[in-house]
Amino acid sequence: MFSDIGALELVTLIVLAVLIFGPDKLPKVVQDVSRFIRKVREFSDSAKQDIRSELGPEFKDFEFEDLNPKTFIRKQLDGNEDLSELKELRSTFDLRKEMNEVADAVNGRESAPAAAPATVNGSGPDLLKKQDPPAAPERPPYDSDAT
């Protein structure tokens, strides 16, 4: 629960608690706080149990921690043995290079030539090669009723 609190912070909290509540009332306050935390945990556990019982037997191994998107994705990817395609796709995609090319295209500058081969796997056109801009299309007539 307090995994990110260091020793100095813990000592500071204890000193503040003694100064605020006093040494006479501090044990009663700690007891009340621990009782409150225990009741909240019991309420949370009973709510989880009620939800599991309402979902039925097909969700008997359901864990609420799986609803966290990071945990869900990690669990799905760990179960998949064939991650080579994902790693290959990740290694071929360079976001910084793509953003620089988009910025160059928007600003009308010529981007640096790509070091990619002229064809992909020896067949087909290179999709990374900058293509000629299309001819300016004819402007459609203005329709005042459409606006």
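Predicted model only: the values in this text are computed from it and were never measured. (Residues numbered from 1 in each chain as written. Predicted model: local features only at pLDDT ≥ 70, side-chain atom pairs only at ≥ 80, totals over all residues. Heavy atoms only, no water.)

1. A few points about a nonpolar patch on the surface
Here is step 1: On the surface, V11, L13, V15, L16, L19, I20 and F21 cluster together into a nonpolar patch covering about 690 Å² of accessible area.
Here is step 2: Along the chain, the position of L19 falls in helix α1 (residues 7-55).
Here is step 3: Residue class for L19 comes out exposed when judged on its relative accessible area of 67%. (Patch = residues over 30% accessible without salt bridge, like charges linked within 9 Å, V, L, I, M, F, W, Y side chains within 5 Å. Areas by Shrake-Rupley, 256 points an atom, 1.4 Å probe, with all protein chains shown as cover. Salt bridge = Lys/Arg side-chain N within 4 Å of Asp/Glu carboxyl O. Helix = DSSP H or I, 4+ residues; strand = E, 2+ residues; numbered from the N terminus. Buried < 20%, exposed > 50% of the residue type's maximum accessible area, 1.4 Å probe, protein only.)

2. Quick notes on helix α4 (residues 95-107)
Here is step 1: Between its terminal C-alpha atoms α4 stretches 18 Å, which fits the 18 Å expected from 13 residues at 1.5 Å a residue.
Here is step 2: Looking one or two residues beyond α4, the residue adopting positive phi is G108, at roughly 80 degrees. (Expected span 1.5 Å × (residues − 1).)

3. Remarks on the confidence of the model for the protein chain
Here is step 1: Mean pLDDT for the protein chain: 77, with 78% of residues reaching 70 or above.
Here is step 2: Per-residue pLDDT, averaged within each element of the protein chain, yields its smallest value for strand β1 (residues 119-120) (49) and its largest for α1 (90).
Here is step 3: Below pLDDT 50 for its whole length, residues 115-120 participates in eight contacts with residues either more than four positions away or in separate chains. (pLDDT = per-residue confidence, 0-100. Contact = heavy atoms within 4.5 Å.)

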